[in-house]
Amino acid sequence: MPAPERIPSRSLTDTELLTLLTEGTITVLGQVGGASNAVLHCTVAYEGEERTCAYKPVAGEQPLWDFPDGTLAQREVAAYEISRATGWDLVPPTVLREGPYGQGMCQLWIDGPGDGEDAPELLALVEGEEPGDGWKAVGFAEVGEGRTALLVHADDARLRRLAVLDAVINNGDRKGGHLLPAPGGRLFGIDHGVTFNADDKLRTLLWGWAGEPLTEEALQVLARLAAELAPGTVLATRMAELITPAELEALRERVAGLVKSAVHPQPSGQWPPIPWPPV
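Conventions used here
- Residues numbered from 1 in each chain as written.
- Predicted model: local features only at pLDDT ≥ 70, side-chain atom pairs only at ≥ 80, totals over all residues.
- Heavy atoms only, no water.
- 1 Å grid on protein atoms, 1.4 Å probe; cavity = no way out; pocket = protein on both sides within 12 Å on 5 of 7 lines; lining within 4 Å.
- Points joined across faces, edges and corners; volume = space filled by probe spheres on them.
- Helix = DSSP H or I, 4+ residues; strand = E, 2+ residues; numbered from the N terminus.
- Nonpolar A, V, L, I, M, F, W, Y, C, P; charged D, E, K, R; others polar.
- Expected span 1.5 Å × (residues − 1).
- Buried < 20%, exposed > 50% of the residue type's maximum accessible area, 1.4 Å probe, protein only.
- Arc of directions from axis to C-beta.
- Contact = heavy atoms within 4.5 Å.
- Pairing = 2+ DSSP bridges.
- Axes fitted to C-alpha atoms, helices over the stretch in contact; angles between N-to-C directions.

## Overview of the layout of surface pockets
Any empty space left between the atoms is revealed when a probe the size of a water molecule rolls over them. As a volume, the largest pocket reaches approximately 970 Å³. Considering the residues around the largest pocket, the lining is formed by 41 residues, among which Ser 36, Lys 56, Asp 173, His 178 and Asp 191 are closest to the centre. Listed by contribution, the elements that provide at least two residues to the lining of the largest pocket are strand S3 (49-57), helix H2 (72-86) and strand S5 (102-108). Of the residues contributing to the lining of the largest pocket, the split by class is 23 nonpolar, 10 polar and 8 charged.

## A word on helix H4 (residues 216-228)
Given a rise of 1.5 Å per residue, 13 residues ought to cover 18 Å, and the 19 Å separating the end C-alpha atoms of H4 matches this to within 8%. For H4, the complete set of buried residues consists of Ala 218, Val 221, Leu 222 and Leu 225. Buried positions in H4, seen along its axis, are confined to an arc of 100° and lie on one side of it. Taken together, the buried residues of H4 touch H2, helix H3 (157-169), helix H5 (234-240) and helix H6 (245-261).

## What to know about the sheet that holds strand S6 (residues 123-126)
Here we have 3 strands laid out as an open sheet, ordered S6-S8-S7, and antiparallel in their pairing. With one partner strand each, in any of the chains shown, S6 and strand S7 (135-144) form the two edges of the open sheet. Neighbour-to-neighbour, the strand axes of the sheet open up by a mean angle of 30°, direction not taken into account. As paired elements, S7 and strand S8 (residues 147-154) share 8 bridges and run antiparallel to each other. By the bridge assignment for S8, Lys 136 is matched with His 153.

## What about the sheet that holds strand S1 (residues 25-31)?
On the basis of which strands lie adjacent, the open sheet formed by 5 strands has the order S1-S2-S3-S5-S4 and antiparallel pairing. Strand pairing shows two members of the sheet lacking a second neighbour, S1 and strand S4 (94-99), which therefore form its edges. Neighbouring strand axes in the sheet, compared pairwise and without regard to direction, differ in orientation by 40° on average. Sheet topology places S3 next to S5; 5 bridges connect them, and they run antiparallel. Bridging from a neighbouring strand, Pro 57 pairs with Gly 104 of S5.

By themselves, these are just geometric observations and shouldn't be taken as functional.
Here it is as C-alpha cells:
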C-alpha cells in the first residue's frame, strides 16, 4: 500500500507560533546528543496544529561559575525578544513555559533548506594568509601535524546582522553549529543560554568585520533598539523579567556604545575570543 500523501502544514504567523509553543501539548521524541545541557527533541500540538520544537528544561542545565544557576532558559527567551525587536528575526520563536520536566525554554525547530535549495557554505578553512573573494578572515587554526589554516566565514549580510545581534546580547558561545540555514534563504542562530552577562563575554566565529564600520541599516536598527530599551517601555519591562537589573543596564550600555562607536566590536582581550569547540 502506498504511503499516504503528506499534507503540508499551513503557514503560521509569529503570534500563532508563540501561542502554539506556549499553550500546546509537548510530546518528547528523544534527546539531542552532544549538548552540554539537556536538549529534548519534541512536538508541540495545539488546536489542530503541530510543529517540531526544542525543549530545554531548567532542571537539565549545568551550573556555570559566571551565570546565576537556572537562568539559561530565560536568556534564550531574552535573545529572541531582542532579535524580534530588531526586525531581523534571527532567532526562532522562543518561549518560557512548563513542560514534561518542569519549566524550560521551548523553541521552534528549524529545518534545513527546502527541496532544490543548497545549504550555503558559511565557514571554511583555507590555505594561504588571505581570504578569497566573498570571505572574511577570523584567524589561523591548527589542523594537525604542525599545519595551520585560515579560518574564514562568508561575507554574508545575514551573518553580519547576526554579528551585530551577538554584540548586543553579549553572546559567549557563537559556534558554527549554532548557525542554521533555513528554507527560503533564511538564516537563524540558536543556543543563546550564555548571553546578557554584565561583563564582556563576546566569543564568536564572526569576527571578520571587527573594527569595520557598521552598516547604515545596523545603525538605524540600534538607534531604534536603544529607544525601545528605555526605562518603562514594553521591551524594557519584558527584559527585566528575564535578566538581572545589572544585565539590563549593561545591555543598554552596549547598544549605546555601538551607536556611538559606529563600528563592529573587537575582541576585548579579557577572554578567548573564539568559543571551544568552535563547532
